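Below, each chain spelled out in residue letters.
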Amino acid sequence: MTDVAAHPRYSKSKEVVRTLQAYTIGNVSRSNSRLSFDPDRSVLPALGAQAVGLTSAELAAVLCSGRASEPSERIVIGDAIGAATIPVTVGIDALLTRHTAVLGSSGQGKTHFVASVLQKLLEKGPNARIVIFDIHDEYANAFNSLPGVRLKETVLGQKLNNDPRAHYHIPYYALGLTGLSRLILPSERTQRPALNFAVDKLRYVSGSMGGSKLVGHQQEVLFDDGRPGNANSANAAIQTLKDGTADGASQWPHMSSIGHLAAEWSCLKYDRGNWVRDGWLYNNVQTMLRRISRLIRDEQFRKIINVEPSGFAEAGFIPPLSYEAEAQKLVSDLFGSLGSPTHNDWNVHIVCLKNLTNDLMPYVLGSLLELYAEQLFARGPGQTHPTLLVLEEAQHYLRQIPGDTDTGLHSLAYERLAREGRKFQVSMLISTQRPSEVSPTVLAQCGTWAVFRLTNDRDQSVIASGSEKANRYATTEVPGLARGQMVMFGDALPLATKIAVKALPSEHAPTSSDASFANAWSK
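Residues numbered from 1 in each chain as written. Predicted model: local features only at pLDDT ≥ 70, side-chain atom pairs only at ≥ 80, totals over all residues. Heavy atoms only, no water.

Bringing the overall build of the protein into the picture now. Helix and strand counts for the protein stand at 16 helices and 24 strands. For the protein, the proportion of its 523 residues judged to be buried stands at 49%. Considering only residue pairs separated by 6 or more positions, the protein has 70% of its internal contacts joining residues 24 or more positions apart. For the protein, the exposed area adds up to about 24,900 Å²; of that, 49% sits on carbon and sulfur atoms. (Helix = DSSP H or I, 4+ residues; strand = E, 2+ residues; numbered from the N terminus. Buried < 20%, exposed > 50% of the residue type's maximum accessible area, 1.4 Å probe, protein only. Contact = heavy atoms within 4.5 Å. Areas by Shrake-Rupley, 256 points an atom, 1.4 Å probe, with all protein chains shown as cover.)

It is worth spelling out the side chain of Gln375 at this point. Along the chain, Gln375 falls in helix α11 (residues 361-379). Other than its neighbours up to four places away in sequence, Gln375 contacts Ala327, Gln328, Val331 and Leu338.

Glancing now at the sheet that holds strand β5 (residues 74-80). Taken together, the 12 strands give an open sheet; going across it, the order is β6-β5-β24-β23-β22-β7-β21-β18-β8-β17-β9-β10, and neighbouring strands pair in mixed fashion. Both edges of this open sheet fall to β6 (86-91) and β10 (166-168), since each of them pairs with a single strand only. Strand-to-strand twist across the sheet, computed as the mean angle between neighbouring axes with direction ignored, equals 30 degrees. Note that strand β7 (residues 99-103) and strand β21 (residues 426-432) share four bridges and pair parallel. Paired with Ala101 across the strands is Ile430, a residue of β21. Relative to β6, helix α1 (residues 56-63) is tilted by about 20 degrees, and along the sheet it contacts β5, β6 and β24 (497-500). Across the sheet, α11 is in contact with β8 (130-134), β9 (151-156), β18 (387-391) and β21; its angle to β18 comes to roughly 165 degrees. (Pairing = 2+ DSSP bridges. Axes fitted to C-alpha atoms, helices over the stretch in contact; angles between N-to-C directions.)

What follows is about the nonpolar core. Ranked by size, the top nonpolar core spans 102 residues in total, and within it Ile258 and Leu398 carry the most contacts. Element by element, the count of residues in this core is highest for α11, at 11 residues. The contacts of Leu398, once residues within four sequence positions are left out, are Leu369, Leu391, Tyr414, Ile430, Glu437, Val438, Ser439 and Val442. One finds Ala80, Val102, Leu122 and Ala450 within the second-largest nonpolar core, a separate group that totals 45 residues. (Core = buried A, V, L, I, M, F, W, Y, C linked by side-chain atoms within 4.5 Å.)

Moving on to the packing of aromatic side chains. For the coordinates displayed, the defined rule picks out 11 aromatic pairs. For the ring pair Phe197 and Trp265, a centre distance of 5.9 Å and an interplane angle of 25 degrees mean the geometry is stacked. Taken together, the residues Phe197 in helix α5 (residues 191-200) and Trp265 in helix α7 (residues 256-267) connect sequence positions 68 residues apart. Through a chain of ring-to-ring contacts, three or more aromatic side chains come together here, namely Tyr172, Tyr173, Trp252 and Tyr323. (Phe/Tyr/Trp six-rings, centres within 6.5 Å; stacked < 30°, edge-to-face > 60°.)

It is worth spelling out the environment of Gly176 at this point. Counting through the fold element by element, Gly176 comes out in helix α4 (residues 176-184). Linking Gly176 and Ser322, residues 146 residues apart in sequence, is a C-alpha distance of 9.4 Å.

To continue, consider the pattern of salt bridges. Overall, the coordinates contain 18 salt bridges when judged by the stated rule. The partner of Arg272 in a salt bridge is Asp271, with the nearest N and O atoms 3.5 Å apart. Owing to a relative accessible area of 77%, Arg272 belongs among the exposed residues under this scheme. (Salt bridge = Lys/Arg side-chain N within 4 Å of Asp/Glu carboxyl O.)

Moving on: the environment of Val149. With respect to the helices and strands, the residue Val149 is situated in the loop between β8 and β9. Exposure remark for Val149: the relative accessible area of 15% places this residue in the buried category. With 23 residues separating them along the chain, Val149 and Pro126 place their C-alpha atoms 7.5 Å apart. The residues touching Val149, leaving out its near neighbours within four places in the chain, are Leu122, Phe143, Asn347 and Val348.

Listed in full, the buried residues belonging to α1 are Ala61, Val62 and Leu63. In this fold, the buried residues of α1 make contact with β3 (27-31), β4 (34-38), β5, β6 and β24.

Next up on the list: the confidence of the model for the protein. For the protein, the mean per-residue pLDDT works out to 85, and 89% of the residues sit at or above 70. Across residues 404-409, confidence stays below pLDDT 50; counting only partners more than four residues off in sequence or on other chains, it has 13 contacts. (pLDDT = per-residue confidence, 0-100.)

Looking now at the side chain of Ser181. One can find Ser181 in helix α4. Judged by relative accessible area, which is 9%, Ser181 ranks as buried. Here the side chain of Ser181 touches Leu177 through a polar contact of 2.7 Å, landing on its backbone oxygen. Beyond its immediate sequence surroundings of up to four residues, Ser181 is in contact with Pro186, Arg192 and Leu195. (Polar contact = N/O pair within 3.5 Å; in protein donor to acceptor, adjacent residues only side chain to side chain.)

Turning next to unusual backbone geometry. Positive phi outside glycine occurs at Asp137, with the angle close to 55 degrees. One can find Asp137 in the loop between β8 and β9. The residue Glu393 is not glycine, and still its phi comes out positive at about 50 degrees. Relative to the assigned elements, Glu393 resides in the loop between β18 and β19 (401-402). Relative accessible area serves as the criterion here: at 9%, Glu393 is assigned to the buried category.

Another point: the pairing of β3. Side-chain positions along a regular strand alternate between the two faces of the sheet. In this structure, β3 lies alongside β4, joined through five bridges in antiparallel fashion. From the neighbouring strand, Ser29 faces β4, where its bridge partner is Ser36. The antiparallel pairing of β3 with β4 creates a hairpin that spans two residues between the two strands, and Asn32 there sits at a positive phi of about 55 degrees.

Once that is clear, we can look at the environment of Thr455. Checked against the element boundaries, Thr455 lands in the loop between β22 (446-451) and α14 (457-466). Placed 351 residues apart in sequence, Thr455 and Gly104 show a C-alpha to C-alpha distance of 8.9 Å.

Our focus in this paragraph is the packing of α5 against helix α8 (residues 279-297). Following both chains from N to C, one finds α5 and α8 inclined at 65 degrees, their axes separated by 9 Å at the closest point. Remark: the crossing between α5 and α8 carries right-handed chirality. Residue-level inspection shows Gln191, Ala194 and Leu195 of α5 in contact with α8, the latter providing Asn284, Val285, Thr287 and Met288. Broken down by class, the residue content of the contact of α5 with α8 amounts to four nonpolar, three polar and no charged. (Left-handed = near helix turned anticlockwise from the far one by under 90°. Nonpolar A, V, L, I, M, F, W, Y, C, P; charged D, E, K, R; others polar.)

Turning our attention to the pairing of β7. Across the five residues of β7, five count as buried, placing the element largely inside the fold. Neither face of β7 is exposed, since His99, Ala101 and Leu103 on one face and Thr100 and Val102 on the opposite face are all buried. Relative to β22, β7 runs parallel, the two being bridged by five bridges. Across the sheet, Val102 pairs through a bridge with Ala450, a residue of β22.

Rendered as structure tokens:
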């Protein structure tokens, strides 16, 4: 019933004979003149029973079935395409409890569909918490002046123009060890211990691009270039840090201090009465130090991540410097307070990533998601307000990051979010035009798939292999879908359904329309 393939065969009389292959998806029953659908597949029709097509009323009962029986718990996502126009509704919990994938080539209507779904979710739930990572700065128009929407907009990075919106220049130290590890990508055997030491002792030094020193000392003695000569002063500083007798700083140092501490911790060696920097030991961390230096010198990176020293801590603030406090503030600013929704003055937060280049996106956004996941997991299951993360153009950052020979492919926190997000009341709506470039682990955890037109063979194969709900009907329909049409299947619907998405009014549509070349050029 959910997957019917017709194979014409010709008998001797030249009459067309068709073989229908059917699968049971459930039972339609009538009670008090009301039709209802039960997705119980254990009850099979008797052998030889007559097969008939569904009436419009029966099809409507099937398409509008699900765990949510109350209209307040369902949203309309479009009209089924068939002999009769039937509005298709889905239960909010069925759609969000397991994550949703929206797939399709550029210009097929993904962004309009996502905006439409979010608007309907907000109509049903004024206490929603939706965080949109907006790659192309196109979602704001979909929520401006919309009744019941409390919109917050944040442009990631330092303010470089007259944009009136709030800008968030991420302090590097707010990422802590978890986020910095995602940016720096140390090898596990030799580089991670050095990075762990550097991040842990960062609160006890002051420094600049050229070198670092202990708080209260006059001379910079810690460097990242493995310079030759006597290193007794550097060793004395490292030993003071190891002993825990160094004075705490009242401001975070320049990001270069991470490299200075990691280098000196790794390469110092006692040789013939003096401490020196050993070249072989230095070589173990040299690639990590180069990456730190490249990031700091990258102008595009500095637009997003603030590598400069922090301001001085307020008098009486104990501890004076705290990674935990910095991380909680960052997560609260971007993802909202993990507690009650009343702690936020918004129910939609658009985080604009227009200033973030594609090559840095998997590292910077990956570090933010790492940090968010760490905060959620530390808080424990069921201890946060339900949150929907909308990840646009996910192929840019929800992908494996190559490591070195020791680490291979680096593990991703958002893969754990995808696997265990339900326990922590986090749902992910993943939109991409290249599903073949998105982490297979993430896609495999998506319970509902909305697939617009896809023509690439690799992308089509993901649909067939990535979801147990995909069937022959879904995969064969996708290449021929018209613009604004999709095939939807999975937990939210009992069977794969071809759906026409309703267009949004221009005043509440995302700014992702195609350019009119003929009209613009003729003027």
